[in-house]
Amino acid sequence: MDTDQEIEVQPRSSADFQHPIQSAFYQILLFKGSGTFIVDFTEYAFTGNTILFLTPYQYFQWKSPVHTAIECLKFHGDFYCIEYHKKEVACNGLLFNNIYFAQHITISYSIYTEISALFQKIEHERKDGSTFSSAILKAYLQLILALCSKEKSIYLDTNTMDGGALSELVQFQELLEKYYIQERSPGFYASKTHLSTNAFGKIIKRQSGKTPTQLIQERVILEAKKLLHLTHKSVKEIAAELSFEDEFYFSRYFKKSVGLSPLHYRENVGISIVAR
């Protein structure tokens, strides 16, 4: 890809997202007002100055209001690898690839205007196309990600302390990260938290907007995407590593969630420069 294809800022309307979309790019959407949208079949409400982060091939659909101006920045993993740059900006697992918390945050007016200005600088530099444009574009993008990571960290620190509003979800997250490859039954995790399966499901649904089953499936798919993008392992090897009976069952499981096969996902997203 050349630079023009790897990163781009587009003024969009919410009408452009009325039908479900999926993209091979990472996307950062900036918008104002109040309304609802769907990410991976879970509906979220927003109000105020909002920024949303989408990873490649996440299901996204706008619900309301019908007409909202959206600034959309998209970049390909070949242009800026969030895993490779994780020491500079810890956005992987915070802004992107986080299944446990909403992928949007409400930001202050000053941060909103600062990010919007950086969007415009990116588009101006992209069109300029000078010798140093690629380095400048990456610096602007890294600044955006750093600002947003700081805002998201503040939000999580406020809401996930011991006894906080999301403490049960944090406990489930810790358990799921430990056991998701071997244990995919909500009942297993409920027993670990000393709750009935029904009570456990209601609490997790209230705190995350998702059922335990959804989160378990999303965690497995997240790891599958990671292995497809960050390693050269075959689909058969990945299926075995994730405890699937065979690669065909794994491929069906993956396609049902993502909308395309593991091989097609790898072809479209590419293999990262950090692949081992």
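Report follows, based on the coordinates. Predicted model, so just to flag it, every value in this text is computed and none were measured.

**Quick look at the state of the cysteines**
Moving on, step 1. As enumerated under the stated definition, the model contains zero disulfides in all.
Moving on, step 2. For Cys72, which is in no disulfide, the shortest distance to another cysteine sulfur is to Cys148 and amounts to 14 Å.
Moving on, step 3. Residue Cys72 is classed as buried on the basis of its relative accessible area, which comes to 1%.
Moving on, step 4. No disulfide involves Cys148; its sulfur sits 9.5 Å from that of Cys91, the nearest cysteine.

**Concerning helix H4 (residues 167-179)**
Moving on, step 1. For H4, with 13 residues, the first-to-last C-alpha span of 19 Å sits near the 18 Å given by 1.5 Å per residue.
Moving on, step 2. Taken as a whole, H4 has its buried residues at Leu169, Val170, Phe172, Leu175 and Leu176.

**Some details on the sheet that holds strand S4 (residues 42-47)**
Moving on, step 1. The strand order S4-S3-S6 describes an open sheet built from three strands, whose pairing is antiparallel. What marks the edges here is a single partner per strand, and that holds for S4 and strand S6 (60-64). Averaged over all pairs of adjacent strands, the angle between their axes in this sheet comes to 25°, without regard to strand direction.
Moving on, step 2. Relative to S4, strand S3 (residues 34-39) is paired through six bridges, and the arrangement is antiparallel. Across the sheet, the residue bridging to Ser34 is Thr47, located in S4.

**A short note on unusual backbone geometry**
Outside of glycine, negative phi angles account for most residues, and trans bonds account for most peptide bonds.
Moving on, step 1. Here the bond from Ser64 into Pro65 is cis, since omega is -5°, no more than 30 degrees from zero.
Moving on, step 2. Relative to the assigned elements, Pro65 resides in the loop between S6 and strand S7 (69-75).
Moving on, step 3. At His194, a position not held by glycine, the phi torsion is positive, near 60°.

Thresholds applied
Residues numbered from 1 in each chain as written. Predicted model: local features only at pLDDT ≥ 70, side-chain atom pairs only at ≥ 80, totals over all residues. Heavy atoms only, no water. Disulfide = S-S within 2.5 Å. Buried < 20%, exposed > 50% of the residue type's maximum accessible area, 1.4 Å probe, protein only. Helix = DSSP H or I, 4+ residues; strand = E, 2+ residues; numbered from the N terminus. Expected span 1.5 Å × (residues − 1). Pairing = 2+ DSSP bridges. Axes fitted to C-alpha atoms, helices over the stretch in contact; angles between N-to-C directions.

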